[in-house]
Amino acid sequence: MAYFALLYDAVDDFIARRGEFRDEHLRLAREAHARGELVLAGALADPADGALLIFQGENPAAAEAFARRDPYVKNGLITAWKVRNWTVVVGNEPRARSAESA
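So, here's what we can say about the structure.

Thresholds applied
Residues numbered from 1 in each chain as written. Predicted model: local features only at pLDDT ≥ 70, side-chain atom pairs only at ≥ 80, totals over all residues. Heavy atoms only, no water. Core = buried A, V, L, I, M, F, W, Y, C linked by side-chain atoms within 4.5 Å. Buried < 20%, exposed > 50% of the residue type's maximum accessible area, 1.4 Å probe, protein only. Helix = DSSP H or I, 4+ residues; strand = E, 2+ residues; numbered from the N terminus. Contact = heavy atoms within 4.5 Å. Arc of directions from axis to C-beta. Phe/Tyr/Trp six-rings, centres within 6.5 Å; stacked < 30°, edge-to-face > 60°. Lys, Arg positive; Asp, Glu negative; His and termini not counted. Salt bridge = Lys/Arg side-chain N within 4 Å of Asp/Glu carboxyl O. Polar contact = N/O pair within 3.5 Å; in protein donor to acceptor, adjacent residues only side chain to side chain. Pairing = 2+ DSSP bridges.

### A closer look at the nonpolar core
Moving on, step 1. Of all hydrophobic cores here, the largest spans 21 residues; its most connected members are Leu 6, Tyr 8, Phe 14, Leu 53, Phe 55, Phe 66 and Ile 78.
Moving on, step 2. Looking at this core, the elements that each hand over two or more residues are strand 1 (2-10), helix 2 (19-34), strand 3 (50-57), helix 3 (61-69) and helix 4 (71-74).
Moving on, step 3. Non-local contacts of Leu 53, meaning those with residues more than four positions away in its chain, are made with Phe 4, Ala 5, Leu 6, Tyr 8, Leu 38, Leu 40, Ala 41 and Phe 66.

### A look at helix 3
Moving on, step 1. Looking only at helix 3, the buried set comprises Ala 63, Phe 66 and Ala 67. Seen end-on, helix 3 carries its buried residues on one side only, within an arc spanning 95°.

### A few points about the packing of aromatic side chains
Moving on, step 1. Throughout the structure, instances matching the rule amount to three aromatic pairs.
Moving on, step 2. Between the aromatic rings of Phe 55 and Phe 66, the centroid separation amounts to 5.7 Å while the plane-to-plane angle is 55°, which identifies the pairing as tilted. Note that Phe 55 is positioned in strand 3 and Phe 66 in helix 3, a separation of eleven residues in sequence.
Moving on, step 3. Taking relative accessible area as the criterion, Phe 66 reaches 6% and is therefore assigned buried.

### Overview of the side chain of Asp 70
Moving on, step 1. Inspection of the secondary structure assignment puts Asp 70 in the loop between helix 3 and helix 4.
Moving on, step 2. Although Asp 70 is buried, it makes no salt bridge; Lys 74 carries the closest opposite charge, 8.7 Å away.
Moving on, step 3. Among the polar contacts made by the side chain of Asp 70, one reaches the main-chain amide nitrogen of Tyr 72 at a distance of 3.0 Å.
Moving on, step 4. Ignoring sequence-local partners within four residues, the contact set of Asp 70 consists of Tyr 8, His 25 and Leu 28.

### Regarding the pairing of strand 3
Moving on, step 1. Where burial is concerned, most of strand 3 is hidden: six out of the eight residues are buried.
Moving on, step 2. Two elements, strand 1 and strand 3, share eight bridges in a ladder whose sense is antiparallel. For Ala 5, the partnering residue across the bridge sits in strand 3 and is Ile 54.
Moving on, step 3. The sheet contact formed by strand 2 (residues 38-43) and strand 3 spans five bridges and is antiparallel. Residue pairing across strands places Ala 43 opposite Ala 51, the latter belonging to strand 3.
Moving on, step 4. In textbook terms, the turn of a hairpin is the stretch between consecutive antiparallel strands, and for strand 2 and strand 3 this stretch comprises six residues, one of which, Asp 46, has a positive phi near 55°.

Set out below in structure tokens:
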């Protein structure tokens, strides 16, 4: 299974403008997560000028479809987006339990 990074560039006043679209954006994100497509997602901070969403799948289709449906994109809060194949080297294998937590 491959990983894909969806990278967003946001408008300068993103935090101030996102309110009316946030519930729909989060609903789409939670649905993608429940389907096993979206692994991690969140806004970049200091400055809040973008976001990073990590998808998992056979191809980038889920990440691309998410961006096209996202109300942040559709309403101009995201000025540009791209999907990049992400080669994960550490952290994508199941974590072993330590003796202390067993």
